[in-house]
Amino acid sequence: MSEVEGRGGKVLVTVGTTLFDALVREASSQPCRQVLADFGYSSLVIQRGKGSFIPVESDGKDGGLKVTSFDFEPNLSDHIASSALVISHAGSGSIFETLRAKRPLVVVVNDLLMDNHQCELAEELAARKHLVYASSPATLIETLKNMELPSLVPYPPSNPLAVVSALNQYLGFVDT
Amino acid sequence: MDTNSVWGSWGLVVASIVTLLVVRAVWVLQITGRALPAQSGVKRRPLRTLIVLGSGGHTAEMMSLVRVMDLKRYAPRHYIAGATDNMSLPRAERVEAELLKSAQFSDQDTKAADEWLQRSQYSKIYRSREVGQSYVTSVFTTLWAFAHSVVQVLRIQPDVILCNGPGTCLPICVAGFLLKLVGWRWVVVVYVESIARVKKLSLTGLLLYKLRLADQFFVQWKDLKTKYPQANYVGRLM
């Protein structure tokens, strides 16, 4: 999977199981394709979720970005693993899957959602430099232009065992 | 006997029951959160565990916890998800099958493995409110969902309820509390706030915390522990 190394690989856009046409539209727009092509990425794969907007595909033979899209696929984790950059909605599932696959991640918040508590998580992880944060699809292109991927910090491994140990102790399980 | 004295004695009975329940409730709330006495792993029987799942990341977090649990201690496991959630239970089944494959069975391997699979159960529960449902009708659906939760909890008879924030877990936890209240059995309620909650608890988490319905309350960010000192912070699930 040499295409994963550095620029030149695939960019994956994912909205998970949500409806987020604004992101699909912005990510597939001509200016965005141009920015990604300028960075040296070769293809753009868009997972559209529940949305109805279908981006114009391109085979890349015109020298631009190759663009394809689909609504859902069971093996999204394979797509993530083979991507050089992931642009995702702010759902915790997509965020952690990408961070664990150690792929550079740009999270775009759906600013049309009410009570969008998920931007809390994306903001916190952005403050810790685990991902790049865009507060709405309208700021995606600007965010991409200004992002500094080398400054991103790998996400530290989680520790569910600590919770289980605390629980065992509380429930009176003693290791023999 | 005239009508007045009949009503009078009924009144006395009702008043005594209410008083008893109030005293019992205060006592139960006092005991809630007190650790169970330590017993060696061999001595303590396995704890029947009710695990509440939910879409939007809840199931992923819960299964990351289940993956590292000692599954011979927390058994049998009973998974519950909302009626319209078609992803969570199959996912739990997949993880259970995976764990079964990697589990060590020393003797009578097939029998033990069969038992393992049969003992994990999966069921659905009516939800209080679907996204977009009107608030007027949600009063009735909430009552219905609550009744269903009580029935499920009575049927499953859990020792431990494990949940992390989908709306479905609130009526389950209340049902668990009711079991304690009437002295049916002691149900330990364990709540792990979702990692998506960084600065504020979810409504479910806040209610469980304020009403002290959870015996063990975990958060996944230090900031939350500062704001809610009764909570535990030991690490992240994700």
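Quick caveat: nothing in here was measured; it's all calculated off a predicted structure.

Enquirer: What exactly am I supposed to notice about the overall build of chain B here?
Expert: A count of helical and extended segments in chain B gives eight helices and eight strands. Across chain B, every contact between residues at least 6 apart in sequence was considered, and the portion connecting residues at least 24 apart equals 71%.

Enquirer: I would appreciate a short explanation of the overall build of chain A in the present structure.
Expert: The number of helices and strands found in chain A is seven helices and seven strands. In sequence order, chain A lays out its α and β elements as β-α-α-β-β-α-β-α-β-α-β-α-α-β. Expressed as lengths along the three principal axes of its C-alpha atoms, the size of chain A is roughly 70 × 40 × 30 Å. Out of the 176 residues belonging to chain A, those deemed buried represent 41%. Contacts spanning at least 24 positions in sequence make up 62% of the contacts within chain A whose residues lie at least 6 apart.

Enquirer: Can you help me understand the UniProt feature "transmembrane region" (unreviewed entry) in chain B in this one?
Expert: As annotated in UniProt, the feature "transmembrane region" (unreviewed entry) corresponds to residues 6–29 of chain B in the numbering used here. In residues 6–29 of chain B, helix accounts for 100% and strand for 0%; the two terminal C-alpha atoms are 35 Å from one another.

Enquirer: What exactly am I supposed to notice about the interface of chain B and chain A here?
Expert: Accessible area lost when the parts come together is the quantity often used to give the size of an interface. Across the contact, 33 residues belong to chain B and 25 residues belong to chain A. Its residues assigned to classes, the side of chain B that touches chain A shows 20 nonpolar, eight polar and five charged.

Enquirer: Would you explain the pairing of strand 5 (residues 160–163) of chain B in this entry?
Expert: Two faces, one strand: in a regular strand the side chains alternate between the faces of the sheet. Residues and elements named next belong to chain B. Side-chain alternation along strand 5 places V160 and L162 on one buried face and I161 and C163 on a second face that is also buried. In the sheet, strand 2 (residues 49–52) pairs with strand 5 via three bridges, with the strands oriented parallel. Each residue of the ladder has a partner; that of T49, found in strand 5, is V160. Examined bridge by bridge, strand 5 and strand 6 (residues 188–192) share four bridges and lie parallel to one another.

Enquirer: I'm lost on the packing of helix 5 (residues 135–156) of chain B against helix 6 (residues 169–181) of chain B in this one. Help?
Expert: Residues and elements named next belong to chain B. Axis separation between helix 5 and helix 6 bottoms out at 8 Å; the angle between their running directions is 55 degrees. Judged on the interaxial angle alone, helix 6 and helix 5 are oblique. Considering how the two elements wind past one another, helix 5 and helix 6 form a crossing that is right-handed. On the side of helix 5, the interface is formed by A145, F146, S149, V150 and V153, while helix 6 contributes P171, I172, A175, G176, L178 and L179.

Enquirer: When you look at the sheet that holds strand 8 (residues 232–233) of chain B in this model, what are you seeing that I'm missing?
Expert: A sheet is described by the order of its strands in space; here seven strands give the open sequence 4-3-2-5-6-7-8 (chain B), paired in parallel fashion. Of all the strands in the sheet, the pair left with one neighbour each is strand 4 (121–125) and strand 8 of chain B. Here helix 7 (residues 160–170) of chain A sits on the sheet in contact with strand 6, strand 7 (216–219) and strand 8 of chain B, set at roughly 165 degrees to strand 7 of chain B.

Enquirer: When you look at the nonpolar core in this model, what are you seeing that I'm missing?
Expert: If you look at soluble globular proteins, the nonpolar side chains tend to sit buried side by side. A:V107, A:A122, B:I161 and B:C173 are the most contacted members of the largest nonpolar core, which totals 90 residues. Element by element, the count of residues in this core is highest for helix 6 of chain B, at six residues. Not counting chain neighbours up to four residues away, the residues in contact with A:V107 comprise A:S88, A:A90, A:I95, A:A122, A:L131, A:Y133 and A:A134.

Enquirer: Whenever I open this one, the packing of helix 2 (residues 58–66) of chain B against helix 3 (residues 88–102) of chain B confuses me. Can you help?
Expert: In a pair of packed helices, the angle between the axes and the distance between the axes together describe the arrangement. Residue and element names in this part refer to chain B. It is at 11 Å that the axes of helix 2 and helix 3 come closest, and there the two elements cross at 20 degrees. The angle between helix 2 and helix 3 places the two elements in the roughly parallel class. Taken as a pair, helix 2 and helix 3 cross one another with a handedness that is right-handed. Across from T59, M63 and V66 in helix 2, the residues of helix 3 making contact are S88, R91, A92 and V95. Class assignment for the residues of the contact of helix 2 with helix 3 results in four nonpolar, two polar and one charged.

Enquirer: What should I look at first to understand the domain arrangement of chain B in this one?
Expert: For chain B, the assigned domains are domain 1 (1–31) and domain 2 (46–233). Taking only C-alpha atoms into account, the centre of domain 1 of chain B sits 33 Å from that of domain 2 of chain B.

Enquirer: What exactly am I supposed to notice about unusual backbone geometry here?
Expert: Glycine aside, a negative phi is what most residues show, and trans is what most peptide bonds show. Look at the link from B:A75 to B:P76: it is a cis peptide, with omega at -10 degrees. Note on placement: B:P76 falls in the loop between helix 2 and strand 3 (77–82). Even without being glycine, A:K102 reaches a positive phi, approximately 60 degrees. Checked against the element boundaries, A:K102 lands in the loop between helix 4 (92–100) and strand 5 (105–108). For B:Q157, which is not glycine, the phi dihedral falls at a positive 50 degrees. Here B:Q157 shows up in the loop between helix 5 and strand 5. Using a count of 13 C-beta atoms within 10 Å as the deciding quantity, one classes B:Q157 as partly exposed.

The rules we used
- Residues numbered from 1 in each chain as written.
- Chains lettered and ligands numbered in written order.
- Predicted model: local features only at pLDDT ≥ 70, side-chain atom pairs only at ≥ 80, totals over all residues.
- Helix = DSSP H or I, 4+ residues; strand = E, 2+ residues; numbered from the N terminus.
- Contact = placed C-beta atoms within 7 Å.
- Buried ≥ 20, exposed ≤ 12 C-beta atoms within 10 Å, placed from the backbone.
- UniProt positions renumbered as here; feature names shortened; annotations may be inferred.
- Nonpolar A, V, L, I, M, F, W, Y, C, P; charged D, E, K, R; others polar.
- Pairing = 2+ DSSP bridges.
- Axes fitted to C-alpha atoms, helices over the stretch in contact; angles between N-to-C directions.
- Parallel < 35°, antiparallel > 145°, perpendicular 65-115°, else oblique.
- Left-handed = near helix turned anticlockwise from the far one by under 90°.
- Core = buried A, V, L, I, M, F, W, Y, C linked by C-beta atoms within 7 Å.
- Domains from an automatic or database assignment.

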